[in-house]
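Tertiary structure, described
Next come the chains, spelled out residue by residue.
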There are 2 protein chains.
Amino acid sequence: LYAVIMAGGSGTRFWPRSRESKSKQFLNIIGKKTLIEQTLDRFTPLVGRENLYIVAKSGQKAQFRQFTGRIPRSHFIYEPMGKDTAPCIGLAAVILQRSDPDAVMAVTPADHLILDLPRFRKSILAAGQLAREEDTFVTLGIVPDRPATGYGYIQIDGGQGSFYGVEAFRVKTFAEKPNVETARSFLESGDFLWNSGIFVFRASVYLKAVEEHLPDLYDGLCEIREALDKPEYPRAVQRVYKQIRSISIDFGIMEKTSNVLCVRGDFRWSDLGSWEQVHKLSEKDGQGNVVSGDAVLVDTTQSYVRSDGGVVAVLGLDRVVVVQEDNVTLVCRMDRTEDVKQVVERLKRKKLDSYT
Amino acid sequence: LYAVIMAGGSGTRFWPRSRESKSKQFLNIIGKKTLIEQTLDRFTPLVGRENLYIVAKSGQKAQFRQFTGRIPRSHFIYEPMGKDTAPCIGLAAVILQRSDPDAVMAVTPADHLILDLPRFRKSILAAGQLAREEDTFVTLGIVPDRPATGYGYIQIDGGQGSFYGVEAFRVKTFAEKPNVETARSFLESGDFLWNSGIFVFRASVYLKAVEEHLPDLYDGLCEIREALDKPEYPRAVQRVYKQIRSISIDFGIMEKTSNVLCVRGDFRWSDLGSWEQVHKLSEKDGQGNVVSGDAVLVDTTQSYVRSDGGVVAVLGLDRVVVVQEDNVTLVCRMDRTEDVKQVVERLKRKKLDSYT
């Protein structure tokens, strides 16, 4: 089993902690370690360091240098630009197949939070076993604990149950982020799980599906395969990435494929999509506040206050997010943290790019 | 006429802009110039630079050095420690009398805002004329435009009107800061004015009142007078200030004296007591916001946002104050800005004194 960590994200939702030069996976949003370190720690015992691969963008090379002692240099796969997950996984599949035509790959975002690690490992190993036995895609679905509107859902066929000794379900449909009524009905039905964005399959299975559903991408990947280990490799990747369109594995492959199984993950998972989610998932004090760094809160409740390099004081407010990173500060109503990207866009328009 | 600017205040209400090392009068809170510069500009045309005196604390000498080109060095009067306004004015009176026994002095706080300068000057000149003609105290009362609870009030005897050709009133009582019902009745009665903290009188009249009402202070001032122009002067001031008690001119003299006249000032005045007041007095944009420095406001109204050295973003909030000074940030509900001193106290308790 190989782990392919998709670490090319940029993400503006955690501004001002996340910046163009420091993306979300390099932040220690929950816990002391950064999200990418947590992801590496999560997969290393499962696949061994020799089977860990990281896909990132060329522009992020400097940031990844810190991991070169831990992961062989050849296991960093750089894309010249972001084209969403389908090409990213395709590139990794081509590279894995070069040395191991039967490679089974677990692809995962680099910047999610997972608690209950033993359960997580059990799910990944089960998914890996299924993917090894059969020409199938395996996805990890998370048992929802609330009618979340920020996640995609997977509808499973409750009738099925066991494949090769592993508890799994046939996937009926993938559903986009629902509105709250739909989310409630999903939760009540009991056969909808959150789409974790973690997939397990053989590289060959993936590439065959790309050939069928995304022929342009397949042609590009073949061109890259031809150039592997040759001096023209960088130019080939550059040329292909310029031409192919951005498309996700969910939309481009999963929704069009019938042979998808789902392993039900009963571990705690979050995509950490906003400061509000971080507040929800963090341990709170008696006033419902999450505070880190030098901060003073007076008559303030249900808030998330973080100061890195400096001090923050909050007086008389409830349900706010205040994040200070040196001399850059975000002050946001708790239920508006999804819109932090608007702030980043506005900064760019105001020629304050240096703060983004 | 001499102007005596009482500039020894420290003030924590404008934290984080005001600090132990940078008191309110050195801030450009409204307008480009600092409050002390505005005060100097206000009085220079009235008394000439040769008649301007500043009373401050010894610890502030370095901050006042910037004005030494503008005001003779001998016109800076330093107190070894703060003992409120009665001793401060007494020390200035003794020093003015040394060269001009008939000196008429206008004493004024250094950190207030005054608009409508021609009207202000007219009031001061009228008060000066009265103080020169008669052994009387003259105070400047401000016509109130709302039932403010943050100011002291002066009740005038509406029956009187003209003294030596100047429109003025006998003062019946000085009233402490009222609650809102009392403030409303004051406003309705029409014979209550705000106490501006600006007084005009002959130095000799003041010292005579001190002799009568504050004999301990009078003894101390005599001791200082004996030491004037002698090497023991600094030690004498130090010794006297250690012994005398803190007491304001309002409480120690004005409330006990019957011969007080009041000139009615119809200029706009504010003691700038909080960020909320600054917001009220500043020009607002279409959303009711006052914004300065690099800031981005999204769906935010009726707020005061200021950034000095850095950037601030506010998203989805109404009626908040956000003030960032480098890497120190205050976030405060608009109607809680009077309590900013609680934040400063809390910072001290948390050993974060370096930020106060």
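Heads up: these notes are all about the structure in this document. Not measured: the values here are computed from a predicted model.

Moving on: the interface of chain A and chain B. At the junction of the two partners, chain A supplies 37 residues and chain B supplies 37 residues. When chain A packs against chain B, the two sides together hide about 3000 Å² of surface, and 62% of this comes from carbon and sulfur. Together, A:Val311, A:Leu315 and A:Val331 form the three largest contributors to the area buried by chain A at its contact with chain B, with a combined 22%. The closest approach of N and O atoms between A:Arg336 and B:Asp299, which form a salt bridge, is 2.7 Å.

Moving on, we come to helix H7 (residues 215–227) of chain B. Residues and elements named next belong to chain B. Taking 1.5 Å as the rise per residue, H7 with 13 residues should run 18 Å; its terminal C-alpha atoms sit 19 Å apart, in good agreement. On its buried face, H7 is in contact with helix H3 (85–99), helix H6 (203–213) and helix H8 (233–243). At the C-terminal side of H7, Asp229 shows a positive phi close to 65°.

Another point: the layout of surface pockets. Residue and element names in this part refer to chain A. In this model, the second largest pocket occupies a volume close to 1400 Å³. Along the wall of the second largest pocket there are 47 residues; nearest its centre are Asp84, Thr85, Pro109, His112 and Asp271. Secondary structure elements with two or more residues in the lining of the second largest pocket: strand S2 (52–57), helix H3 (85–99), strand S10 (169–175), strand S11 (192–202) and helix H9 (249–252). Of the residues forming the lining of the second largest pocket, the biggest block, 4 residues, is contributed by S11. Per-class residue counts for the lining of the second largest pocket are 16 nonpolar, 18 polar and 13 charged.

The next point concerns the pairing of strand S16 (residues 320–325) of chain B. Residue and element names in this part refer to chain B. Within S16, 6 of the 6 residues are buried, leaving the element largely enclosed by the surrounding structure. The alternating pattern of S16 places Val320, Val322 and Gln324 and Val321, Val323 and Glu325 on opposite faces, both of which are buried. As defined by bridge partners, strand S15 (residues 304–315) adjoins S16 across 5 bridges and the pair is classed as parallel. What sits directly across from Ser307, in S16, is Gln324. As paired elements, S16 and strand S17 (residues 328–333) share 6 bridges and run antiparallel to each other. Its bridge partner lying in S17, Glu325 is registered against Val328.

Residue and element names in this part refer to chain A. Two elements in contact, H3 and helix H6 (residues 203–213), have axes whose closest approach is 9 Å; the angle formed by their N-to-C orientations is 130°. Taken together, the axis directions place H3 and H6 in an arrangement best described as oblique. Here the hand of the crossing between H3 and H6 comes out left-handed. Between H3 and H6, the contacting residues are Thr85, Ala86, Ile89, Gly90, Ala93, Val94 and Gln97 on the first element and Ala203, Ser204, Tyr206 and Leu207 on the second. Looking at the contact of H3 with H6, its residues break down into 7 nonpolar, 4 polar and no charged.

Here we come to unusual backbone geometry. Residue and element names in this part refer to chain A. Note the cis peptide between Trp15 and Pro16, where omega equals 5°. Within the element layout of this structure, Pro16 appears in the loop between strand S1 (2–6) and helix H1 (35–47). A positive phi is found at Asp229, a non-glycine position, where the angle reads about 65°. Within the secondary structure layout, Asp229 lies in the loop between helix H7 (215–227) and helix H8 (233–243). Residue classification places Asp229 among the exposed positions, given a relative accessible area of 63%. Backbone geometry at Gln302 places phi at a positive 50°, although glycine is not the residue there. Within the secondary structure, Gln302 sits in the loop between strand S15 (295–298) and strand S16 (304–308).

What counts and how
Residues numbered from 1 in each chain as written. Chains lettered and ligands numbered in written order. Predicted model: local features only at pLDDT ≥ 70, side-chain atom pairs only at ≥ 80, totals over all residues. Heavy atoms only, no water. Contact = heavy atoms within 4.5 Å. Buried area = accessible area lost by both parts, 1.4 Å probe. Salt bridge = Lys/Arg side-chain N within 4 Å of Asp/Glu carboxyl O. Helix = DSSP H or I, 4+ residues; strand = E, 2+ residues; numbered from the N terminus. Expected span 1.5 Å × (residues − 1). 1 Å grid on protein atoms, 1.4 Å probe; cavity = no way out; pocket = protein on both sides within 12 Å on 5 of 7 lines; lining within 4 Å. Points joined across faces, edges and corners; volume = space filled by probe spheres on them. Nonpolar A, V, L, I, M, F, W, Y, C, P; charged D, E, K, R; others polar. Buried < 20%, exposed > 50% of the residue type's maximum accessible area, 1.4 Å probe, protein only. Pairing = 2+ DSSP bridges. Axes fitted to C-alpha atoms, helices over the stretch in contact; angles between N-to-C directions. Parallel < 35°, antiparallel > 145°, perpendicular 65-115°, else oblique. Left-handed = near helix turned anticlockwise from the far one by under 90°.

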